[in-house]
Amino acid sequence: MTLTDVIEVLEAAYPPARAESWDAVGLVCGDPAERVHKVLFAVDPVAVVAEEALDWGADLIVTHHPLYLRGTTSVAATTPKGRLIHRLIKHDVALYTAHTNADTANPGVSDALARAVGLTGDLVPLQPFPDDPWRGLGRVGELPEPTTLGEFAARAAKGLPRTSGGLRVAGDLARPVTRVAVSGGAGDSLLATAKAAAVDVFLTADLRHHPASEFVESGGPALIDAAHWATEWPWLDSAASILHSSGVTVETRVSATVTDAWTRGY
Ligand SMILES: [Zn+2]
């Protein structure tokens, strides 16, 4: 398999044209003609992930987050990002990103998140594309059986990889929960949409005090704020299975290294 073969499969599942205009997706470094045997999937293109790739002998790292989101005029090894690029190129490791094009895909980041926290039935986008009702940001679905906010939060915590911050809940723990919205990564911008979707709880990441407080005060759904990394990590498995089911014969591995920014809670 060449890098081109692998990219073809990834781009069929996560079309780059569906990425937000501000996003930076696709091949960051690597020669499309090179052979690929081992692919490491990770959320963040950070030093510890690059080391894991080198130790394992990966030829390609597929990450969710872009390395250079805002562009750059230098990849000199004088910055952490420049050092990472040098390390990868010196060892013939390619880096590829599927970010907002993976968020909005079907199945995408929020489908994997929804499954991880216990939604078993049909899922629909929380904010569908105007031209495609089956793709878009976030997912809405129902739990197989009604439960309470407290029980759902405990189940979600078990289904997601462990992080130092765990989950934070806003709302009455005894509140009945059946209909759930989730969105991997920062979900602030979807608060109003979650309220309009009449869900019982909205689980996402990176929620801030004022928007969250005002949301709950205004009678919106309960909120669960998880670690950003943890909400996107379940997607890695789903992306790896897409490679396998496409017939691409590569070895895959999902990095279990926690690269959430917050490393310790007290
Ligand atoms: Zn993210």
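Let me sum up the structure you'll find in this document. (Residues numbered from 1 in each chain as written. Predicted model: local features only at pLDDT ≥ 70, side-chain atom pairs only at ≥ 80, totals over all residues. Heavy atoms only, no water.)

1. What to know about the sheet that holds strand S11 (residues 251-254)
In step 1: Read across the sheet, five strands follow the order S1-S4-S3-S2-S11 without closing on themselves; strand pairing throughout is mixed. Strands at the two margins of the open sheet, each flanked by one partner only, are strand S1 (26-29) and S11. This sheet shows a mean twist of 25 degrees between the axes of neighbouring strands, independent of strand direction.
In step 2: As paired strands, strand S2 (residues 38-42) and strand S3 (residues 60-63) are joined by four bridges and run parallel to one another. Directly across from Val39, in S3, lies its bridge partner Leu60.
In step 3: Contacting S1, S3 and strand S4 (94-97), helix H1 (residues 3-13) runs over the sheet at an angle of about 10 degrees to S4.
In step 4: Here helix H2 (residues 47-56) sits on the sheet in contact with S2, S3 and S11, set at roughly 160 degrees to S2. (Pairing = 2+ DSSP bridges. Helix = DSSP H or I, 4+ residues; strand = E, 2+ residues; numbered from the N terminus. Axes fitted to C-alpha atoms, helices over the stretch in contact; angles between N-to-C directions. Contact = heavy atoms within 4.5 Å.)

2. Notes on the side chain of Thr97
In step 1: Relative to the assigned elements, Thr97 resides in strand S4.
In step 2: Setting aside anything within four residues of it in sequence, one finds Thr97 in contact with Ala24, Val25, Gly26, Val28, Thr63, His64, His65 and Pro66.

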